[in-house]
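# Close look at the chain arrangement
The lines below spell out each chain.
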Amino acid sequence: MVAKEINQPTVKAPGRAWLLGFAGWAVPGLGHVLQGKWVRALILGGAVWTMFIVGLVIGGHLFRIGPNDQGFAAVLQLLPMSANFGAGLLYLGCWLTNTGFAEQAQRVTYEYGNTFLLCAGLLNYLAMLDAFDIAAGRKQ
Amino acid sequence: MRHVLWMALFASLTAFVFGVVAKGSDRQRLMYGLKVFAEFMVIAFILGWVLYFLPLR
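A quick note: this is a predicted structure, and the numbers were derived from the prediction, not measured.

Cut-offs applied
In this convention, every chain numbers its residues from 1, walking through the sequence in written order. Naming scheme: in the order in which they are written, chains are lettered from A and ligands are numbered from 1. It should be noted that, the model being predicted, local features are given only for residues of pLDDT at least 70 and side-chain atom pairs only at 80 or more, the latter also being counted only at that level, while totals for whole chains, interfaces and linings use all residues. Put simply, DSSP marks the helices as runs of H or I at least four residues long and the strands as runs of E at least two long, and each gets a number from the N terminus on. Neighbour counting defines burial: a residue surrounded by 20 or more other C-beta atoms within 10 Å of its own C-beta is buried, one with 12 or fewer is exposed, and intermediate counts give partly exposed, using backbone-placed C-beta atoms. Here contacts are defined at the residue level, using C-beta atoms placed from the backbone and a cut-off of 7 Å between them. Residues enter a nonpolar core if they are buried, belong to Ala, Val, Leu, Ile, Met, Phe, Trp, Tyr or Cys, and are joined to the set through C-beta atoms within 7 Å. The span you would expect from a helix comes to 1.5 Å times its residue count less one. What is called the bend at a residue is the angle between a pair of axes, fitted to the seven residues leading up to and ending at it and to the seven starting from it. A fitted line through C-alpha atoms serves as each axis, taken over the contacting stretch for helices, and the angle formed by two N-to-C directions is quoted from 0 to 180°. Here the word oblique covers every angle except those under 35 degrees (roughly parallel), over 145 (roughly antiparallel) and from 65 to 115 (roughly perpendicular). Throughout, a crossing is termed right-handed when the near helix is turned clockwise from the far one, and left-handed when it is turned anticlockwise from it by less than a right angle. Just so you know the grouping, Ala, Val, Leu, Ile, Met, Phe, Trp, Tyr, Cys and Pro go in nonpolar, Asp, Glu, Lys and Arg go in charged, and all remaining residues, Gly too, go in polar. The score called pLDDT rates the predictor's confidence residue by residue, from a low of 0 to a high of 100.

## Details of the overall build of chain B
A count of helices and strands for chain B gives two helices and zero strands. Taking the principal axes of the C-alpha coordinates as reference, chain B spans close to 50 × 20 × 15 Å. For chain B, the residues scored as buried account for 16% of the 57 residues in total.

## Overview of the overall build of chain A
Summing up its helical and strand segments, chain A has seven helices and zero strands in all. Secondary structure elements of chain A, listed N to C terminal, follow the sequence α-α-α-α-α-α-α. Here the analysis covers contacts within chain A between residues at least 6 apart in sequence; of these, 72% occur between residues at least 24 apart.

## Thoughts on the nonpolar core
Counting residues in hydrophobic clusters, the biggest one holds 40 residues, and the most contacted among them are A:Ala47, A:Val48, A:Met51, A:Ala120 and B:Val17. Where this core is concerned, the elements lending two or more residues are α2 (15–26), α4 (38–57), α6 (89–97) and α7 (110–135) of chain A together with α1 (2–21) of chain B. The contacts of A:Ala47, once residues within four sequence positions are left out, are A:Leu123, B:Leu13, B:Phe16 and B:Val17.

## Some thoughts on helix α5 (residues 72–85) of chain A
Residue pairs spaced three or four apart in an α-helix point in one direction, given the helix's 3.6 residues per turn. Compared with the 20 Å implied by 1.5 Å per residue over 14 residues, the 20 Å span of α5(A) between its first and last C-alpha is a close match. At A:Leu79, α5(A) shows its maximal kink, close to 30 degrees; a proline, A:Pro80, follows between one and four residues later.

## A closer look at the packing of α4(A) against α7(A)
Residues and elements named next belong to chain A. Where α4 contacts α7, the axes come no closer than 7 Å and their chain directions differ by 160 degrees. In terms of orientation, α4 and α7 fall into the roughly antiparallel class. For the pair α4 and α7, the crossing hand works out as left-handed. Where α4 abuts α7, its residues Leu44, Ala47, Val48, Met51, Phe52, Val54, Gly55 and Leu56 lie against Gly113, Phe116, Leu117, Cys119, Ala120, Leu123, Asn124 and Ala127. Among the residues making up the contact of α4 with α7, the classes are represented as 13 nonpolar, three polar and no charged.

## Topic: the packing of α7(A) against α1(B)
Remark: α7(A) packs on α1(B), axes separated minimally by 10 Å, with the N-to-C direction vectors making an angle of 10 degrees. In terms of axis orientation, α7(A) runs roughly parallel to α1(B). Residues A:Tyr112, A:Thr115, A:Phe116, A:Cys119, A:Leu123, A:Leu126, A:Ala127 and A:Asp130 of α7(A) pack against B:Trp6, B:Phe10, B:Thr14, B:Val17 and B:Val21 of α1(B). Along the lines of polarity and charge, the residues of the contact of α7(A) with α1(B) split into 10 nonpolar, two polar and one charged.

## What about the environment of A:Phe116?
Within the fold, A:Phe116 resides in helix α7. Through-space distance from the C-alpha of A:Phe116 to that of A:Gly60 is 7.7 Å; in sequence the pair is 56 residues apart. Once residues within four sequence positions are removed from consideration, A:Phe116 is found in contact with A:Met51, A:Val54, A:Gly55, A:Gly60 and B:Phe10.

## Focus: the confidence of the model for chain B
Confidence in the prediction for chain B averages 92 pLDDT; 96% of positions are at 70 or higher. Both scores are available for the predicted complex, with the pTM at 0.87 and the ipTM at 0.86.

Okay, structure coming up:
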């Protein structure tokens, strides 16, 4: 089945698909809403929004490359930051308002919060690709 | 107990997303989502008990 899918001729994705993919990244669920996929939007967007908000509430923190991170320390921040960045405007909004970047390691649920925030971004990348595939006609 | 609830919430939200983005019929995707949820929970319980018996201190 996979070989059959690989051998299919690749069709260039229309510009609309890129736009909807971007919308899906920027606001979790929006890429599906704009295509009228309300149930998918509710489930995917709801899961990402819930994970992100719960992650912040239970003491998780977001990652970014700060002025003190030089050399290898900056590289170490890059991977979790790219995961957080998947949450789109949620991450950018927190970055602009300096919300959620303070470590709260004294809280019992600190590590859970970090995991929720990282996975919210990663799951939104999946939702974004799903919106892109639907708009490109590669998926129902 | 609270840890288990956070873990269950994480597993259910992740399973929702995995189930929705998967290919196949509605029933196949539902079963896949349930399978992902069950795998998260079972593996976490097994690892929890393994780590409980390890002398880490």
